[in-house]
Amino acid sequence: MALVPGIQSPTRKVPAHIARPEYVGRPAPTPYTGPEVQSAETIEKMRIASRIAARAMEEAAKLIAPGVTTDALDAVAHEYMCDHDAYPSDLGYRGFPKSICTSVNEVICHGIPDSTVLQDGDIVNIDATAYIHGVHGDLNATYLCGDVDEESRLLVERTRESLNRAIKAVKPGRQVNVIGRVIESYAKRFGYGVVRDFTGHGINTSFHSGLIIPHYDSERATEVIKPGMTFTIEPMLTLGTYDYEIWEDGWTVVTKDRKRTAQFEHTLVVTADGAEVLTLP
């Protein structure tokens, strides 16, 4: 059965002492004009933000079970980030009304937590980003709810593997398109679609810096990878088409054929010989 929008709870409060990103209360963020290569100090701050986001996601994921609402997952992640003096980066970003994204079954990304009740056999993605010390850390993962069919379970497992392979492909001197080439070639082995219009991104003091990380082999992704660059890789694989539609809420992206989709994401920093994953709990 196709997913339908639920009812949203009131906006959650963030304690006044927690610093807000500059875009909160504004229609859009200020465009980032700084470098993609970050200082050691910024990277260390991003380790802190990334760890908080990862732990918040883990805490929310512990609740996943048939009968639980996606809003309940949001409540747990929100509380965890606030308890650790971090601001939930999603909250107020271009008007987004909740603290995490929860994307169920055919939702590719940007699902809004609400009264939707998880069912036995669902798959659900949690996407959490934390802001603290002036920087962001961003990750997501897809989880199984109850007894999930083999086709969906394999999709989730292989999407995670596509991310792992992409991270291993990150090396200074290579072009960014090596990331998408690795993901797309792996996904094609199983006949999966690779979502093209939603990508990984540069991240630092800016939630989205302007650097684009495609998950397919793009001739335009020619930027050379350099040590100290910080960005996300977040492949979205589908059981059918990668074409999509967006709900009237302006956020929720669903596969056009309503077949299931999975996603995994990490924030990483490029090292002298590869990449370090920052978003580990």
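Residues numbered from 1 in each chain as written. Predicted model: local features only at pLDDT ≥ 70, side-chain atom pairs only at ≥ 80, totals over all residues. Heavy atoms only, no water.

- An unreviewed UniProt entry lists the chain under the name Methionine aminopeptidase, from Kitasatospora indigofera.
- In UniProt, the chain has this text filed under Function (unreviewed entry): "Removes the N-terminal methionine from nascent proteins. The N-terminal methionine is often cleaved when the second residue in the primary sequence is small and uncharged (Met-Ala-, Cys, Gly, Pro, Ser, Thr, or Val). Requires deformylation of the N(alpha)-formylated initiator methionine before it can be hydrolyzed." (UniProt positions renumbered as here; feature names shortened; annotations may be inferred.)

## Quick word on the UniProt feature "binding site: a divalent metal cation 1" (unreviewed entry) in the chain
And then number 1: Per the UniProt record, "binding site: a divalent metal cation 1" (unreviewed entry) is found at D127, D138 and E265. For the residues just named, distributed over 139 residues, the greatest C-alpha separation is only 8.2 Å, placing them together at one site.
And then number 2: Within the fold, D138 resides in strand β5 (residues 135-144).
And then number 3: Among residues more than four places away in sequence, those in contact with D138 are D127, A128, T129, H201, I203, F207, T232, E265, H266, T267 and T279.
And then number 4: As for its position among the elements, E265 is in the loop between β13 (261-263) and β14 (266-270).
And then number 5: Here E265 is in contact with D127, D138, L139, N140, L163, H201, T232, I233 and E234, once residues within four sequence places are set aside. (Helix = DSSP H or I, 4+ residues; strand = E, 2+ residues; numbered from the N terminus. Contact = heavy atoms within 4.5 Å.)

## So, the sheet that holds strand β15 (residues 275-277)
And then number 1: With antiparallel pairing, the three strands of this open sheet are ordered in space as β9-β14-β15. In this open sheet, the two strands that pair with only one neighbour each are β9 (230-233) and β15. On average, adjacent strands in this sheet sit at an angle of 35 degrees to one another, irrespective of strand direction.
And then number 2: As paired strands, β9 and β14 are joined by four bridges and run antiparallel to one another. When the bridges of β14 are listed, T232 appears paired with T267. (Pairing = 2+ DSSP bridges. Axes fitted to C-alpha atoms, helices over the stretch in contact; angles between N-to-C directions.)

## Details of helix α1 (residues 40-61)
And then number 1: With 22 residues, α1 should reach 32 Å at 1.5 Å per residue; the first-to-last C-alpha distance of 31 Å fits that figure.
And then number 2: Every buried residue of α1 is listed here: T42, I43, M46, A49, S50, I52, A53, A54, A56, M57, A60 and A61.
And then number 3: Looking at the buried side of α1, the elements it contacts are α2 (70-83), β4 (123-132), β5, β9 and β14. (Expected span 1.5 Å × (residues − 1). Buried < 20%, exposed > 50% of the residue type's maximum accessible area, 1.4 Å probe, protein only.)

## Points about the nonpolar core
A general tendency of soluble globular proteins is for nonpolar side chains to be buried together.
And then number 1: The biggest cluster of nonpolar side chains holds 69 residues, and the ones touching the most others in it are I64, L73, M81, I126, I179, F231 and I233.
And then number 2: Top contributing element to this core by residue count: α1, with 10 residues.
And then number 3: Each residue touching L73, except ones within four places of it in the same chain, is listed here: A60, L63, I64, V68, I100, T102, L118, V124 and I126. (Core = buried A, V, L, I, M, F, W, Y, C linked by side-chain atoms within 4.5 Å.)

## Some remarks on the packing of aromatic side chains
And then number 1: All chains considered together, the criterion is met by seven aromatic pairs.
And then number 2: With centroids separated by 6.5 Å and ring planes inclined at 25 degrees, the aromatic side chains of Y23 and F207 adopt a geometry described as stacked. Residue Y23 is found in the segment before α1, and its partner F207 is found in the loop between β7 (200-201) and β8 (212-213); the two are separated by 184 residues along the sequence.
And then number 3: Classification of Y23 as buried rests on a relative accessible area of 3%.
And then number 4: With centroids separated by 5.1 Å and ring planes inclined at 75 degrees, the aromatic side chains of Y186 and F190 adopt a geometry described as edge-to-face. (Phe/Tyr/Trp six-rings, centres within 6.5 Å; stacked < 30°, edge-to-face > 60°.)

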